[in-house]
Amino acid sequence: MPLGLLWLGLSLLGALHTRAQDSTPSLIPAPPLFRVPLQPNFQPDQFQGKWYIVGLAGNAFKKEEQGQFKMYTTTYELKEDRSYNVTSTLLRDGRCVHWIRTFVPSSRPGQFTLGNIKGFPGVQSYTVQVATTNYNQFAMVYFKKVYKNQEYFKTTLYDQCIDDQ
């Protein structure tokens, strides 16, 4: 697992470095899913609640967009069928915007696909993979999507604040 995390981290640093120097439309290749770590013994019932996105990197961010991303939240709610209702809330143009999706479990625990993919024109595939988490403080989640025959990826670092009540 440490080698996989190192590989993922180096890929992300490469993406950021490339984007900072050059705003050409070419994208660095998305790491293959088998190279991205997968949380061992993933526990779906423990991976719930509100997560704060405190780090974000990928191959589709443009230099002019840097600094525009503010902290936002994503809430995972486990349903009876073991899929998640996933709601992201972010500030855009001075308004709160909610983005709601369904993540359907795949054959690998901790890996999901986008439910109702037909509702997202141009998206050919969308995979979500929990790379690592301790379930109550942090998580690193990898997203890979194929949109109009182009592969995009991003990795988010989540932090979960717990009230001391």
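About the criteria used
- By convention here, each chain's residues receive numbers from 1 onward along its written sequence.
- Selection of residues for local features in this predicted model requires a pLDDT of at least 70, selection of side-chain atom pairs for listing and counting requires 80 or more, and totals for whole chains, interfaces and linings are taken over all residues.
- No hydrogens and no water enter the side-chain calculation; it runs on all heavy atoms of the structure.
- Paired strands, in this sense, are two strands between which DSSP finds at least two bridges.
- Only DSSP runs of H or I covering at least 4 residues are called helices, and only runs of E covering at least 2 are called strands; the numbering of each starts at the N terminus.
- In this scheme, patches are assembled from residues that exceed 30% relative accessible area and form no salt bridge. Like charges are connected within 9 Å, while nonpolar side chains (Val, Leu, Ile, Met, Phe, Trp, Tyr) are connected within 5 Å.
- Note on areas: these come from Shrake-Rupley sampling with a 1.4 Å probe, and a residue is covered only by the protein chains present in the view.
- Here a salt bridge means any side-chain nitrogen of Lys or Arg lying within 4 Å of a carboxyl oxygen belonging to Asp or Glu.
- Exposure categories follow from relative accessible area, calculated using a 1.4 Å probe and restricted to protein chains: below 20% of the type maximum is buried, above 50% is exposed, and the middle band is partly exposed.
- Note on aromatic pairs: the rings of Phe, Tyr and Trp (six-membered ring only in Trp) are paired at centre separations within 6.5 Å, and the planes decide the class, stacked below 30 degrees, edge-to-face beyond 60, tilted for the rest.
- Both a distance and an angle decide whether a charge sits over a ring: NZ of Lys or CZ of Arg must be within 6 Å of the ring centre and within 35 degrees of the ring normal.
- Axis geometry follows a simple rule: fit a line to the C-alpha atoms, using only the stretch in contact for helices, then measure angles between N-to-C directions, giving values from 0 to 180 degrees.
- Contacts are residue-level and defined by heavy atoms, with any inter-residue pair within 4.5 Å sufficient.
- Put simply, buried Ala, Val, Leu, Ile, Met, Phe, Trp, Tyr and Cys residues joined by side-chain atoms within 4.5 Å make one nonpolar core.

Peer 1: Describe the pairing of strand β7 (residues 138-147), naming the residues involved and giving the relevant values.
Peer 2: Judged from the 9 bridges that link them, strand β6 (residues 123-133) and β7 form a sheet pairing that is antiparallel. Following the sheet pairing, Ser125 is matched in β7 by Val146. As consecutive antiparallel partners, β6 and β7 are separated by 4 residues, and within that stretch Tyr135 has a phi angle of approximately 75°, a positive value. Two strands pair when backbone bridges link them, and β7 and strand β8 (residues 150-159) are joined in this way by 10 bridges, in the antiparallel orientation. From the neighbouring strand, Tyr142 faces β8, where its bridge partner is Thr155. Adjacent in sequence and paired antiparallel, β7 and β8 are bridged by 2 residues, among which Lys148 carries a positive phi angle near 50°.

Peer 1: How would you explain a nonpolar patch on the surface if you had to name every residue and give the values?
Peer 2: On the surface, Val54, Met71, Phe138 and Leu157 cluster together to form a nonpolar patch covering roughly 360 Å² of accessible area. One can find Met71 in the loop between β1 (49-58) and β2 (72-78). Given a relative accessible area of 57%, Met71 falls into the exposed group.

Peer 1: Break down the packing of aromatic side chains for me, with residues and values.
Peer 2: Going through the model one piece at a time under the given rule, you end up with 15 aromatic pairs. Lying across the ring of Tyr147, Lys145 places its NZ or CZ 5.5 Å from the centre.

Peer 1: How would you sum up the sheet that holds strand β5 (residues 111-114)? Please name residues and give values.
Peer 2: The sheet built from 8 strands closes into a barrel, its strands ordered β1-β2-β3-β4-β5-β6-β7-β8 with antiparallel pairing. Averaged over neighbouring strand pairs, the angle between their axes works out to 35° when direction is ignored.

Peer 1: Let's hear about the environment of Val97: which residues, and what values?
Peer 2: Within the element layout of this structure, Val97 appears in strand β4 (residues 95-105). Looking at Val97, the relative accessible area reads 23%, which means it is partly exposed. Apart from residues lying up to four places away in sequence, Val97 is in contact with Ser88, Thr89, Leu90 and Arg92.

Peer 1: Lay out the pattern of salt bridges with the relevant residues and their values.
Peer 2: This model, assessed by the stated rule, comprises 1 salt bridge. One salt bridge in this structure joins Glu151 and Lys144, with 3.6 Å as the shortest N-O distance. Residue classification places Glu151 among the partly exposed residues on the basis of a relative accessible area of 33%.

Peer 1: Let's hear about the pairing of strand β3 (residues 84-92): which residues, and what values?
Peer 2: Pairing analysis gives 6 bridges linking β2 to β3, with the strands arranged antiparallel. Residue Glu77 lies in a different strand from β3, and its bridge partner there is Asn85. Here β3 pairs with β4 via 9 bridges, running antiparallel. Note on β4: the bridge partner recorded for Thr87 is Ile100. Counted between consecutive antiparallel strands, the loop separating β3 from β4 contains 2 residues, among which Asp93 sits at a positive phi close to 55°.

Peer 1: Residues and numbers for the nonpolar core, please.
Peer 2: By size, the foremost hydrophobic cluster in this structure holds 22 residues, and its most contacted members are Phe47, Tyr76, Tyr84, Phe103, Val141, Phe143 and Tyr158. Among the elements of the structure, β1, β2, β3, β5, β6 and β7 are those that each provide at least two residues to this core. Per element, the largest residue contribution to this core is 4 residues, and it comes from β6. With sequence-adjacent residues up to four places away left out, Phe143 is seen in contact with Tyr76, Phe103, Tyr126, Thr127, Val128, Tyr152, Phe153, Lys154, Thr156 and Tyr158. With 5 residues, the next largest nonpolar core counts Ala30, Val36, Ala131 and Phe153 among its residues.

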